[in-house]
Amino acid sequence: MTFSILDITAEKDGAKSRDKKWPWYGAPLYAAAAFALFYAAVLPSFHSYPKMLYMKDEAQHPDEFIGERAMRQLAEYSAIGNKMSGSINNEVHVVDFLLREIQKIKDEARTDLYDIEVDKQYASGGFYLWDMTIAYRNLSNVVVKISQKSSSNPNYLLLNSHYDSEAQTPAAGDDGVMVVVMLETLRVISRSEKPLAHPVVFLFNGAEEACMLGSHGFITQHKWAKNCKALINLDSTGAGGREVLFQTGPNHPWLAKYYHQNVPHPYAQTLAEELFQNNFIPSDTDFRVFRDYGGVPGLDMASVMNGYVYHTKFDNFRNVERGTYQSTGENVLPLVWALANAPELDDTAAHEKGHTVYFDFLGWFMLTYTESVSIAINWVVSVAACVCIGTSVWIMTLDNGADAPKAVFMRFGIIFLVQAGTFLVACGLTILVAVFMQGVGLAESWFYGKWMAFGLYFCTLYFAFGLLPSIYIGYTKRKTNMKLNQTIACFMHAHCILLALLCIILTSMGIRSSYFPMVAIFFYAISVLVQIVLKLTLKKSYFVTVHLLCQILPFCFYTYICYATLVTFVPMQGRDGPESSPDIMVSVFVIATGINYAGFVIPIMHKFRKPKIIFSSFGVLTIIFIIMAATSAGFPFVKEVAPQRYYVLHTLRTFHNLDGTTKQDSGYYIQPVDTRIHELDDTTFKNVEPDSWTAATCAAEPFCGLPLYSGRWIEWKDSARWIYSTPPVLPVEIDLKQLSKETLPNNKLRFEYSLKSSDRVMIYIAPFDNVKVTNWSFDRTPLDEGHKPPYLIYYIYSLMEEPFEFWVEIEHEESNTNGPYFKLVVTEHFEYHPEHYTEDYKEFLATFPDWTYTTDWFSALESWIV
């Protein structure tokens, strides 16, 4: 970009000067110009927020979202503290807070225009999710319906967020900020004279973090659930920031259309949707439950900034991005109004017309179109680009300074093969560096310092994209009459054809994110077309100038997506599990964005002298960054800002044998949640033999006798540690009673049980050989689908003293009349009772370095042979 004027001068000076190279020191300036563009346009766009509106100015802003009020409400919500489902904080204090705020809204509402109904729901039920059968009792929701008195429409819009939290966190970002956005949205609507053709249901659900049970209880049981025809789900995977639209529909493109038309600060990517739905994100939202159990289409939106504090005590009011309130409010409020007045709500089935492709451009504007239109666009753009490239190569044959036509096309064919090889080598080498980093134990060096990803992966990509073509150009420069500009253009032509092939392949596979390479193809085709027109009319193509001007927008687009991806996904890699491959994932993200602009921006550097040295400098940078990753500069974890996470459970285990004897032990169950599982080997884990604790119990006990709290922990167990200790103090001990044993026809037995325990329980049922569980009182999905035992059952209740009763029916061989039949294990968890921590437990937690974060509680596991 800096040297585009030189290209104009070169065109004027004739063929010889056109091949004259620029000084080598211009290359760093060229790279600096690209960085300057990123910092001047991309970063400000990503971090752009509207000016907050204050309560004192409310009279001048009727029907507008007042960010200050939402901020004040969040401060009060956050001050309540931890809000786990079942706790007094969640079931009493937060519910009281919500009811107070809703009553204030009712008191100020236009009662001549609106009816506002409030319902406090307590739900019980069960379903199957994440390899677990789930049962719940008496979990709370606060539900509000607002409708205009002049309308009796039976079709409602549903707006959902959750007010519960994970362990230890005050949940200001996840999901308190969305709760207060909903409150302010309700307040503004209730005082407005704008039409509201359809009622809006505001669901403040009290059990999302507990396997999305609040949304399940509402959509399967609430009196208003069947009337809800569309959904806006609001969640978070960080501490505020711009909320991204990452799921739509499914098969309802009109929803994305309304988002496109009404949201002033768009942030939406089909790419994010396909990554989320293919399990690249270690989270889930209530959107799944509304879709799967209620058939409700909708929009799923979540704030993603500062994911390092997600589900930690640092997710507090102070750490929420200040611009969140106004930005999210100004998006949600008009979107709710638009959808509440959408005629599509009256017959959503009639508008079920396939998937949507949608994406924003730096938050400036948004494009939305149907999947069928996307297919047409991708094919037309790809074919048109190839036609433009063919025309461009043909024009090269007309240039008096060029080779004969046959030679030109033959050289272009060779260049295409070289660029194809370069493409593969660049991608492969970038992934190879990631594999090396993981293999030598230096994974996640970019976890806090994202700039490390530039040196490790971007520089590797640029190195390969530049060096191989440079070697070819240097080797053939005296063997051809083709000008340097033409050779560079041929390399970019070849790269565009490769992207076009990729775009067509992705389109044929039904991948809607195929718009990603299409954008690069489109802008490159435009630049080639402009050059063709200039060449045919003015006899000058102004190659570099036109090309770089046409690359400004796609460069901004792809670096914006890359930055947004790293901001979102990098913190997630710290909790994606010890079996994950975080460096490979980051390298793939770098490749996915980098190939779309590197193949058009890097070749311009061939115009500078000493190109091999220039491109080799990228390789040198990669080596320097690898070395840095092995030093303290590459240590990924930072106290309170980007800590390494561990689950730590102080556990009492009791095993009942067939002969009536009992074995009991206790210890600390420590589960790392990222790949750097050896960071504590010289401190907390110093005297623990790897996996030695599993040998005695894995063969005999379901899930190795571990006090699991998530189905994902089953996959992680090989990286866990067990350190024997004094037992925890249990405020409630497991009290399991067999109420009955009934003999049934066809060699079947039915066992009924009564269980008293803490409010969170995991039950394992592991039938012995030749014994089959045929029925039980839980959701039948794993039995009907033939899942392999042992079975994992999650049970949670809220504010109840009655025991939990359940039954299990088994089928055994005719000769096995006395058993044993199965192992029954109950694990109770005390996740919000730090007042019962023993001194030994507190001292043990203190051994963790300050750059770690422990999600800790105590538990008890008891196992029986039935």
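Since this is a predicted model, take the numbers as computed values, not measurements.

Visitor: How do you make sense of a negative patch on the surface when you look at a structure like this?
Guide: A cluster of acidic residues, Asp131, Glu579, Glu715 and Asp718, forms a negative patch at the surface. Structurally, Asp131 is set in the loop between strand S1 (114–129) and strand S2 (132–148).

Visitor: Can you help me understand the pairing of strand S15 (residues 760–767) in this one?
Guide: As a general feature of sheets, a regular strand has side chains that alternate between the two faces. Counting buried positions over the eight residues of S15 gives eight, a clear majority of the element. Neither face of S15 is left uncovered, since the one carrying Arg760, Met762, Tyr764 and Ala766 and the one carrying Val761, Ile763, Ile765 and Pro767 both have all their residues buried. Where S15 meets strand S17 (residues 791–797), six bridges bridge the pair, whose relative direction is antiparallel. Pairing of Val761 across the sheet is with Tyr795, part of S17. Across eight bridges, the pairing between S15 and strand S19 (residues 822–830) is antiparallel. Looking at S19, one finds that Tyr764 is bridged to Val825.

Visitor: Just checking my understanding: could you explain the packing of aromatic side chains for this structure?
Guide: Given two aromatic rings, one states the distance between the centres and the angle between the planes to describe the pair. Throughout the structure, instances matching the rule amount to 69 aromatic pairs. When the ring of Trp24 is compared with that of Tyr25, the centres are 5.9 Å apart and the planes differ by 80 degrees; the resulting orientation is edge-to-face. Relative accessible area serves as the criterion here: at 51%, Tyr25 is assigned to the exposed category. Aromatic side chains Phe778 and Phe806 sit 5.5 Å apart centroid to centroid with 35 degrees between the ring planes, which places their arrangement in the tilted category. One end of the pair, Phe778, is in the loop between strand S16 (772–776) and helix H22 (781–784); the other, Phe806, is in strand S18 (residues 804–811), with 28 residues separating them in the sequence. The residues Phe778 and Phe806 share a single accessibility class, namely buried. Through successive ring pairs, a cluster of aromatic residues spans Phe359, Phe361, Trp364, Phe365, Tyr369, Tyr515, Phe516, Phe557 and Tyr558. Geometry around Tyr77 places Lys83 over its ring, the cationic atom sitting 4.1 Å from the centre.

Visitor: Teacher, can you tell me more about the pattern of salt bridges here?
Guide: Two side chains bearing opposite charge may form a pair once their charged atoms approach each other closely. Under the counting rule described, the total for this entry stands at 28 salt bridges. Of the charged contacts, one joins Arg110 and Asp112 as a salt bridge, the two residues approaching to 2.9 Å between their closest N and O atoms. In this structure, the salt-bridge partner of Arg760 is Asp759, at a minimum N-O distance of 3.5 Å. Taken as a pair, Arg760 and Asp759 share a single burial class, namely buried. Ionic contacts of the salt-bridge type, sharing partners, join the residues Glu58, Arg69, Glu108, Glu184, Arg187 and Arg191 into one network.

Visitor: Looking at this structure, I do not really get a nonpolar patch on the surface. What am I missing?
Guide: Taken together, Trp364, Phe365, Leu367 and Leu553 make up a surface patch of nonpolar side chains, about 390 Å² in accessible area. Counting through the fold element by element, Leu553 comes out in helix H17 (residues 543–572).

Visitor: Would you mind going over the sheet that holds S18 with me for this structure?
Guide: Paired through their backbone hydrogen bonds, the strands of a sheet run either parallel or antiparallel. Strand order across the open sheet formed by four strands is S13-S14-S18-S16, with antiparallel pairing between neighbours. Strands with a single pairing partner mark the edges of an open sheet, and in this sheet they are strand S13 (735–744) and S16. Mean inter-strand twist for the sheet, computed between neighbouring axes without regard to direction, equals 25 degrees. Pairing analysis gives four bridges linking S16 to S18, with the strands arranged antiparallel. Bridge pairing links Asn775 to Glu809 in S18.

Visitor: Could you clarify how one ought to interpret the environment of Leu783 in this entry?
Guide: Within the secondary structure, Leu783 sits in helix H22. Between the alpha carbons of Leu783 and Lys772 there is a distance of 9.5 Å; along the sequence they are 11 residues apart. In contact with Leu783, other than residues within four places in its own chain, are Val773, Thr774, Asn775, Trp776 and Tyr791.

Visitor: Help me out: how do you make sense of the state of the cysteines in this one?
Guide: Note on terminology: disulfide describes a covalent bond linking the sulfur atoms of two cysteines. Enumeration over the complete set of coordinates arrives at one disulfide. The side chain of Cys698 participates in a disulfide bridge whose partner is Cys704; the two sulfur atoms lie 1.9 Å from each other. Judged by the sign of its S-S torsion, about 100 degrees, the cystine formed by Cys698 and Cys704 is right-handed. Cysteine Cys550 is unpaired, with the sulfur of Cys388 as its nearest cysteine sulfur at 11 Å. Cysteine Cys562 shares no disulfide, and the gap to the nearest cysteine sulfur, in Cys459, comes to 12 Å.

Visitor: Explain the environment of Phe423 here, please?
Guide: With respect to the element layout, Phe423 can be found in helix H13 (residues 405–439). The exposure class of Phe423 is buried, given its relative accessible area of 15%. Between the C-alpha atoms of Phe423 and Ile595, which are 172 residues apart in sequence, the distance is 8.0 Å. If we ignore the near neighbours within four places in the chain, the residues touching Phe423 are Phe465, His495, Leu498, Leu499 and Ile595.

Visitor: Even after reading the chapter, I still don't get the nonpolar core, so can you show me in this structure?
Guide: Soluble globular proteins: nonpolar side chains tend toward being buried together. By size, the foremost hydrophobic cluster in this structure holds 217 residues, and its most contacted members are Leu213, Phe218, Ile763, Ile765 and Tyr794. For this core, the element with the highest residue contribution is H17, accounting for 16 residues. Sequence-distant contacts of Leu213, defined by excluding residues within four places in its chain, comprise Phe127, Ile134, Tyr136, Leu139, Ala207, Tyr794 and Ile796. Judged by nonpolar contacts, the second largest core, of 63 residues, contains Ile102, Val188, Ala342 and Met366.

Visitor: Which parts of the structure should I look at to understand the packing of helix H16 (residues 515–537) against helix H18 (residues 582–601)?
Guide: Helix packing geometry: the angle between the two helix axes and the distance between the axes. Relative orientation of the contacting elements H16 and H18 amounts to 10 degrees, with a least axis distance of 9 Å. As the angle between them shows, H16 and H18 are arranged roughly parallel. For the pair H16 and H18, the contacting residues are Phe516, Pro517, Ala520 and Tyr524 in the first and Ala592, Thr593, Asn596 and Phe600 in the second.

Visitor: Which parts of the structure should I look at to understand the side chain of Gln121?
Guide: Along the chain, the position of Gln121 falls in strand S1. Classification of Gln121 by relative accessible area gives buried; the value is 7%. Among the polar contacts made by the side chain of Gln121, one reaches the main-chain carbonyl oxygen of Gly217 at a distance of 3.1 Å. Setting aside anything within four residues of it in sequence, one finds Gln121 in contact with Leu139, Ser140, Asn141, Gly217, Phe218, Gln221 and His222.

Visitor: Mind showing me how you'd approach H16 here?
Guide: Quick reminder: α-helices carry 3.6 residues per turn. Residues three or four places apart thus point the same way. Taking 1.5 Å per residue as the helical rise, H16 with its 23 residues ought to reach 33 Å, and the 33 Å between its terminal C-alpha atoms agrees with that figure. Where H16 terminates, the next one or two residues include Lys539, which has phi positive at roughly 65 degrees.

Visitor: What's the story with the packing of helix H14 (residues 451–476) against H18 in this structure? I'm lost.
Guide: Two numbers describe how H14 lies on H18: the axes approach to 10 Å, and their chain directions differ by 45 degrees. Compared by their axis directions, H14 and H18 come out oblique. For the element pair H14 and H18, the recorded crossing hand is right-handed. Taken together, the residues of H18 that come into contact with H14 (itself represented by Ala453, Tyr457, Phe458, Leu461, Tyr462 and Phe465) are Asp583, Val586, Ser587, Val590, Ile591, Gly594, Ile595, Tyr597, Ala598 and Gly599.

What counts, and at which threshold
Residues numbered from 1 in each chain as written. Predicted model: local features only at pLDDT ≥ 70, side-chain atom pairs only at ≥ 80, totals over all residues. Heavy atoms only, no water. Patch = residues over 30% accessible without salt bridge, like charges linked within 9 Å, V, L, I, M, F, W, Y side chains within 5 Å. Areas by Shrake-Rupley, 256 points an atom, 1.4 Å probe, with all protein chains shown as cover. Salt bridge = Lys/Arg side-chain N within 4 Å of Asp/Glu carboxyl O. Lys, Arg positive; Asp, Glu negative; His and termini not counted. Charge placed at Lys NZ, Arg CZ, Asp CG, Glu CD. Helix = DSSP H or I, 4+ residues; strand = E, 2+ residues; numbered from the N terminus. Buried < 20%, exposed > 50% of the residue type's maximum accessible area, 1.4 Å probe, protein only. Pairing = 2+ DSSP bridges. Phe/Tyr/Trp six-rings, centres within 6.5 Å; stacked < 30°, edge-to-face > 60°. Lys NZ or Arg CZ within 6 Å of the ring centre and 35° of its normal. Axes fitted to C-alpha atoms, helices over the stretch in contact; angles between N-to-C directions. Contact = heavy atoms within 4.5 Å. Disulfide = S-S within 2.5 Å. Core = buried A, V, L, I, M, F, W, Y, C linked by side-chain atoms within 4.5 Å. Parallel < 35°, antiparallel > 145°, perpendicular 65-115°, else oblique. Polar contact = N/O pair within 3.5 Å; in protein donor to acceptor, adjacent residues only side chain to side chain. Expected span 1.5 Å × (residues − 1). Left-handed = near helix turned anticlockwise from the far one by under 90°.

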